[in-house]
Structure formats: C-alpha cells, structure tokens
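As a plain string of letters, each chain reads:
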Amino acid sequence: MRLEKCWFCSSTIYPGHGIQFVRNDAKIFRFCRSKCHKNFKMKRNPRKVKWTKAYRRLHGKDMTQDSTFEFERKRNRPERYDRNITENTLKAIKKIDKVRVDREARHHAKRMKGKKAKEQREAAKELEQSIHMVKAPVALQQEPSLTLPKIKVKVSQQQAEENRMEE
Amino acid sequence: MAASFASKWFLAGRSLLGGLRNNSLGLLRTSQEMTCSDFLSQQRRTFIQMRTNLKVVDNSGAKRVMCIQALKGKKGARLGDTIIASVKEAQPGGKVKKGSVVYGVVVRAAMQRGCCDGSEVKFDDNAVVLVNKQGEPIGTRVFGPVPHELRKKKHVKILSLAEHIA
C-alpha cells in the first residue's frame, strides 16, 4: 500500500480513492478526486490554479524548503519488517507532523506580519477622511465630541481679522 | 435529443448507464456529441463493443481492427477481456491479412476499470494485442504501457513482452 500524491492539487491519495490515468508515453497521472481530474482534462496548469499546492509554493504562500520534507521522500527500496522500527516510525511521524505544522504557522505569521499595523493606519485615515459617510456634518458641528480633535494651527491675528472682514 | 445532451455532460460513462445510453443512441458514435465537447477529452469512455475500432499494439502485422464480438459481458468488453475482431488495416507483409477474423486481448481501454484496491485506472486510447484461440500472442513485441490486471486474467505472456507495466 502506498500513499500517492495527486498530480494536480498535491494532496495525499488514500487507497480506494481517485483515478489513475496512464498516458500512452507511460506517464501516470494520479488524481485524488474528480475535481482535479476534470481540471486536468480542461488542460489547466496547476501552477496557475489558486487552490493547488503547486501555486501556493510557487507564490511563496507555503513553505518550500524544510528539513521535515526530507522524511516524506519517496523510497523505492522495500524495508524488511521490524517491529521496533515500525513503532518508532509511527511515533516519529506524529512528532514530525507537529514540528511541520508549527513551522508552517510561523511562516504564515511572518508573511502576515505588517498587516495589523497597515490595517490600523488605513482605518485611521478612513475615519478622518470619510467621517461624513457616517454622521452628517451638521450633527458633527453641534456635538463637537463626535469629531476628532482638530489640530490648532497658529494664524497671525491680522490675517484672521482680514478674513472676517471679507466675509 | 435529451439523451444526446445528457451524454454530453456525463461524458465519462462511469456507471453502467453509460453503456446503455450509448446503445440507445445507436452503435455508432454521433458526430454531434464529438463537436459539442471538443475541449474536453475526445475519447468516448464506454465499453468495447461491435464496430469499435481498436489500435493494434504488437508486431503481428495488423494496424487497426474492428471488434465484432465481445466474449463475456452483456454490454461489451473492458480492460483485460478478449474480443473477436476483424482486421481492417494491415501492413503488407505481416502474419495477418486484411479481412481476417482474429481474437484479441484488450490491453488499453479509455473506460476506467476498478482495481482490486478500489482505485481506478484508465488509459488514453483503446488498444488490443492479437492472440490465437489458446490465448498466446501472435506477435513478438508489445508497444506502450499495459496494465497489471492482465496477470489476474492469466495473460502472462503479454506481460512478459510488454515494455512498460502501468
């Protein structure tokens, strides 16, 4: 029994699932479900289809190089059954999975790092520019507590008087 | 008409209904279906039945063969079954001549066949290897990939001649 990878989306194919397509040049394409199979028949490139692992790795959304991936490499030599080795392997699989998940979370956090600060800045800007969308200007003038504190700029007394005269 | 439109969408004739629908439309493929679904895979994925053209992938001399009877199977032959076929196109100096009736083993079928572990295999085209009545291949070489389902059907000779086992 062997757990294969789907050619299109790179998810694992468990036994009893999926379709295997053999092309005449003897290249085998395995698909996990009909969604991937139909996309393949439409001749879509998995590197351009957003939800596949190929796209995510290519565009830096997911980790590409990590030592935890070395454990999952395909080995073609069959191992002689040894109970101890099997037990240890099963324990190791759990641990390696945990490590990989932690590293992926870290990668994701690093990717999203500047996002919170950026969002806050954008929100503040929107608040001062488009407050008229939320409350009418008349209401704002009557209740000064609703507006943001305005920054007072010192204007010379003479200029202020001139402005009043013009009005 | 409804049947033909329905079959355009259920192009992969997965269930047994695929064979029945094909039978109801007539044994020949309708050209209308082929033009409707030109961007999808062009192969009609159903059983191998009377009038099905198959490619010959050994060096027995024949090039194309038309199935005239599927031994075993009410709806048609699948991957690994034997058929009786008539040679439609042959190479000039081969062991079989045009118009002769031969037996063949289907080694590649566009229709998917379930493996014992539950997954399914399908190939790109319909191909056959000519055999004699006892099941031994007439040719001495087999081209292209063959499935290992043949081992269960006791076509070990063909497997041994194959260059790639899928």
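This one's a predicted model, so the numbers in the text were calculated from it and none came from an experiment.

K.L.:
Residues and numbers for unusual backbone geometry, please.
P.N.:
Non-glycine residue alanine 26 of chain A carries a positive phi angle of around 70°. Summarising the element assignment, alanine 26 of chain A is placed in the loop between strand S3 (19-22) and strand S4 (28-31). The phi torsion at arginine 51 of chain B lies on the positive side, around 80°, for a residue other than glycine. For arginine 51 of chain B, the position within the fold is in the loop between helix H3 (31-36) and strand S1 (53-56). The class of arginine 51 of chain B is partly exposed, set by a relative accessible area of 48%.

K.L.:
Lay out the interface of chain B and chain A with the relevant residues and their values.
P.N.:
If you look at the interface, chain B gives 18 residues, while chain A gives 16 residues. Here chain B and chain A share an interface that buries about 1,500 Å² over both sides, 55% of which is from carbon and sulfur atoms. Our enumeration of links across chain B and chain A arrives at 0 salt bridges. Linking chain B to chain A there are 9 residue pairs in polar contact (both at pLDDT 80 or more). It is strand S6 (residues 120-123) of chain B that provides the largest number of residues to the side of chain B that touches chain A, a total of 4 residues. Residues that form the side of chain B that touches chain A fall into these classes: 6 nonpolar, 4 polar and 8 charged. Inspection of the sheet shows S3 of chain A paired to S6 of chain B by 4 bridges, in the parallel sense. Paired with phenylalanine 21 of chain A across the bridge in S6 of chain B is lysine 122 of chain B.

What counts, and at which threshold
- Residues numbered from 1 in each chain as written.
- Chains lettered and ligands numbered in written order.
- Predicted model: local features only at pLDDT ≥ 70, side-chain atom pairs only at ≥ 80, totals over all residues.
- Heavy atoms only, no water.
- Helix = DSSP H or I, 4+ residues; strand = E, 2+ residues; numbered from the N terminus.
- Buried < 20%, exposed > 50% of the residue type's maximum accessible area, 1.4 Å probe, protein only.
- Contact = heavy atoms within 4.5 Å.
- Buried area = accessible area lost by both parts, 1.4 Å probe.
- Salt bridge = Lys/Arg side-chain N within 4 Å of Asp/Glu carboxyl O.
- Polar contact = N/O pair within 3.5 Å; in protein donor to acceptor, adjacent residues only side chain to side chain.
- Nonpolar A, V, L, I, M, F, W, Y, C, P; charged D, E, K, R; others polar.
- Pairing = 2+ DSSP bridges.

Without other data, these values stay purely geometric and don't point to any function.
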